[in-house]
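Structural features, examined
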Amino acid sequence: MAQISIVPASTQAGKATISALLSDEKTARIVGIYRDLTKVPSEFITHPKFIASQGDIASSPSLDFSNSDAVFYIPPPVYDGSDVGETARKHAENVKEALTKAPSVKRLVLFSSMGSQYDRDIGILRVNYVSDQILKDSVAEVVIPRPGYFQENWQHAFQTLKLDPPVFYTPISPASHKIPMISIEDIGTICAQKLLEVGQPLLSNPHFFNLYGPRNYSSLDVKTALEEISGKAIEPIVISKDQLASFFAERGPPSVVQEMVDMTTAALPGGIMVETFDDEDGTVRGTTELVETLRKIYQS
Ligand SMILES: NC(=O)c1ccc[n+]([C@@H]2O[C@H](COP(=O)([O-])OP(=O)(O)OC[C@H]3O[C@@H](n4cnc5c(N)ncnc54)[C@H](OP(=O)(O)O)[C@@H]3O)[C@@H](O)[C@H]2O)c1
């Protein structure tokens, strides 16, 4: 029976992992750390094994991991205009300092990303490269999943599906190029399992592994899934490499436009991370198909 701390608990991966942990009898207690306690989901507040705690990764003294056996840290993306690498470094060092004050913590599961093994040309995923480097030997057991693109990122397509004719925008080009994608629910299930295995031997330490869905998917696969769910013929509007900057400029803060372009380019043909898309030793694949994830969103 393990006590597990999750920080920041408001992240997509954090929330899914808490849900999986709360339904597992090996969980003794979950401490969800939020910088804003109004963000705690009501279904967690009422759960007898769940405690919400106030803490911000921007301030080490606010992070209390005492009595926890394992910690799950999800480095958030940096969208506030500060230097991405520098902010990620400060956050990771704050987490590391808090870990040194909590000798009960035997295992850290550090959420990372595909591409985090590269120290360049990965755009905003530098957050993950930097966090991995700082925390990879911070406690006795360190487990570092490198997930693919979240299948849920396509939920924006349900807005443009309402247009006549129905379309969706995709930055993955050419349309047949496949990349790893995984559902957030599978992420939660697998990260919960890794946290509950605290104390069990690791294949390697730190243990890095790819965390992908059942297979890789292309923009054409997204089209097929959306057509199956909606019953409509849908055209992808495929954004070419040279249109990526204007595409992201319309969708996010100016400070991260180039970071998003570089991250996306790294996953396109010729990009630095494409060689990691096939199964490598230790790759874990979730079971949820893209069409199942998108159907749940469509029906919700
Ligand atoms: N999205 C993907 O497809 C994908 C794929 C692979 C890997 N990843 C990795 O997953 C991680 C999370 O990325 P995401 O885009 O999915 O983000 P996300 O889960 O949507 O995370 C944003 C959350 O971070 C919290 N947060 C930000 N700064 C904080 C701080 N100083 N203290 C406490 N909480 C803070 C925010 O909390 P508030 O609610 O308080 O604002 C917000 O809930 C990143 O490391 C990313 O590289 C993402």
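None of the values given here were measured: they were computed from a predicted structure.

1. Brief notes about the site of the ligand
Surrounding the ligand, one finds 22 residues, the nearest of these being Gln12, Arg35, Pro75, Asn128 and Asn153. Pro75 is positioned with one of its backbone polar atoms (N or O) 2.6 Å from an oxygen atom of the ligand. The contact in question runs from an oxygen atom of the ligand to an N or O atom on the backbone of Phe150, over 3.0 Å. Computed on the free molecule, the ligand has an accessible area of 900 Å², of which 81% lies beneath the protein chains in the complex.

2. Some remarks on the sheet that holds strand E9 (residues 179–182)
Judged by pairing direction, the sheet is mixed, and its three strands sit side by side in the order E7-E9-E11 without closing on themselves. The open sheet has two edge strands with one neighbour each: strand E7 (149–150) and strand E11 (216–217). Looking at chain direction, E9 and E11 are connected through two bridges and run antiparallel. Directly across from Ile179, in E11, lies its bridge partner Tyr217.

3. A short note on a negative patch on the surface
A cluster of acidic residues, Glu275, Asp278, Glu280 and Asp281, forms a negative patch at the surface. Residue position: Asp278 is located in the loop between helix H9 (257–267) and strand E13 (284–285). Using a relative accessible area of 57% as the deciding quantity, one classes Asp278 as exposed.

4. Concerning the layout of surface pockets
The calculated volume of the largest pocket comes to roughly 1,200 Å³. Residue lining of the largest pocket: 41 residues in total, with Tyr79, Tyr149, Asn153, Met260 and Met263 positioned closest to the centre. Listing elements by their share of the lining of the largest pocket, those giving two or more residues are helix H1 (12–22), helix H4 (126–135), E7, helix H8 (244–249) and H9. When residues in the lining of the largest pocket are grouped by element, the largest group, five residues, is from H9. Within this model, the second largest pocket holds a volume of roughly 410 Å³. If you trace the second largest pocket, you find 19 residues lining it, with Pro8, Arg35, Ile57, Pro76 and Pro77 closest to the centre. Partitioning the lining of the second largest pocket into residue classes produces nine nonpolar, five polar and five charged.

5. Considering the pairing of E9
Here E9 shows two buried faces, one formed by Ile179 and Met181 and the other by Pro180 and Ile182. Judged from the two bridges that link them, E7 and E9 form a sheet pairing that is parallel. Within E9, the residue paired with Phe150 across the bridge is Ile182.

6. A word on the packing of H1 against helix H6 (residues 184–196)
For the pair H1 and H6, interaxial distance at closest approach is 7 Å and the crossing angle is 65°. Remark: the crossing between H1 and H6 carries right-handed chirality. Here H1 contributes Gln12, Ala13, Ala16, Thr17, Ala20 and Leu21 to the contact with H6, which in turn contributes Ile184, Ile187, Gly188, Thr189, Cys191, Ala192, Leu195 and Leu196. For the contact of H1 with H6, the class distribution of residues is 10 nonpolar, four polar and no charged.

7. Details of the packing of aromatic side chains
Counted according to the given criterion, the structure contains seven aromatic pairs. With a centroid separation of 6.1 Å and 90° between ring planes, the pair formed by Phe72 and Phe111 is classed as edge-to-face. Placement of the pair is Phe72 in strand E4 (residues 70–73) and Phe111 in the loop between strand E5 (107–110) and H4, with a sequence separation of 39 residues. Each member of the pair, Phe72 as well as Phe111, is classed as buried. Plain terms: the ring middles of Phe247 and Phe248 are 5.1 Å apart, the flat faces sit at 70° to each other, and that makes the pair edge-to-face. We note that Phe247, like Phe248, is buried. An aromatic cluster is present here, built from Phe72, Phe111 and Phe150 joined pairwise through their rings. Between Arg251 and the ring centre of Tyr169, over which it is positioned, the NZ or CZ distance is 5.4 Å.

8. Some words on H1
Among the 11 residues that make up H1, eight are buried, leaving the element largely enclosed by the rest of the structure. Where the residues of H1 are buried, they touch strand E1 (2–7), strand E2 (27–34), helix H2 (42–45), strand E3 (50–54), E4 and H6.

9. As for the side chain of Asp132
Mapping Asp132 onto the fold places it in helix H4. With no salt bridge to any partner, buried Asp132 finds its closest opposite charge in Arg146, at an N-O distance of 4.2 Å. Setting aside residues up to four positions removed in sequence, Asp132 forms contacts with Leu110, Ser112, Ser116, Ile144, Arg146 and Phe208.

10. Focus: the pattern of salt bridges
A full pass over the atoms with the stated rule returns 16 salt bridges. Between Asp121 and Arg120 there is a salt bridge, with its nearest N and O atoms 2.9 Å apart. Taking relative accessible area as the criterion, Arg120 reaches 49% and is therefore assigned partly exposed. The partner of Arg251 in a salt bridge is Glu250, with the nearest N and O atoms 3.6 Å apart. You can call Arg251 partly exposed: its relative accessible area is 45%. Through salt bridges that share partners, Glu86, Arg89 and Glu93 make up one connected network.

About the cut-offs
- Residues numbered from 1 in each chain as written.
- Predicted model: local features only at pLDDT ≥ 70, side-chain atom pairs only at ≥ 80, totals over all residues.
- Heavy atoms only, no water.
- Near = heavy atom within 4 Å.
- Polar contact = N/O pair within 3.5 Å; in protein donor to acceptor, adjacent residues only side chain to side chain.
- Areas by Shrake-Rupley, 256 points an atom, 1.4 Å probe, with all protein chains shown as cover.
- Pairing = 2+ DSSP bridges.
- Helix = DSSP H or I, 4+ residues; strand = E, 2+ residues; numbered from the N terminus.
- Patch = residues over 30% accessible without salt bridge, like charges linked within 9 Å, V, L, I, M, F, W, Y side chains within 5 Å.
- Salt bridge = Lys/Arg side-chain N within 4 Å of Asp/Glu carboxyl O.
- Lys, Arg positive; Asp, Glu negative; His and termini not counted.
- Charge placed at Lys NZ, Arg CZ, Asp CG, Glu CD.
- Buried < 20%, exposed > 50% of the residue type's maximum accessible area, 1.4 Å probe, protein only.
- 1 Å grid on protein atoms, 1.4 Å probe; cavity = no way out; pocket = protein on both sides within 12 Å on 5 of 7 lines; lining within 4 Å.
- Points joined across faces, edges and corners; volume = space filled by probe spheres on them.
- Nonpolar A, V, L, I, M, F, W, Y, C, P; charged D, E, K, R; others polar.
- Axes fitted to C-alpha atoms, helices over the stretch in contact; angles between N-to-C directions.
- Left-handed = near helix turned anticlockwise from the far one by under 90°.
- Contact = heavy atoms within 4.5 Å.
- Phe/Tyr/Trp six-rings, centres within 6.5 Å; stacked < 30°, edge-to-face > 60°.
- Lys NZ or Arg CZ within 6 Å of the ring centre and 35° of its normal.

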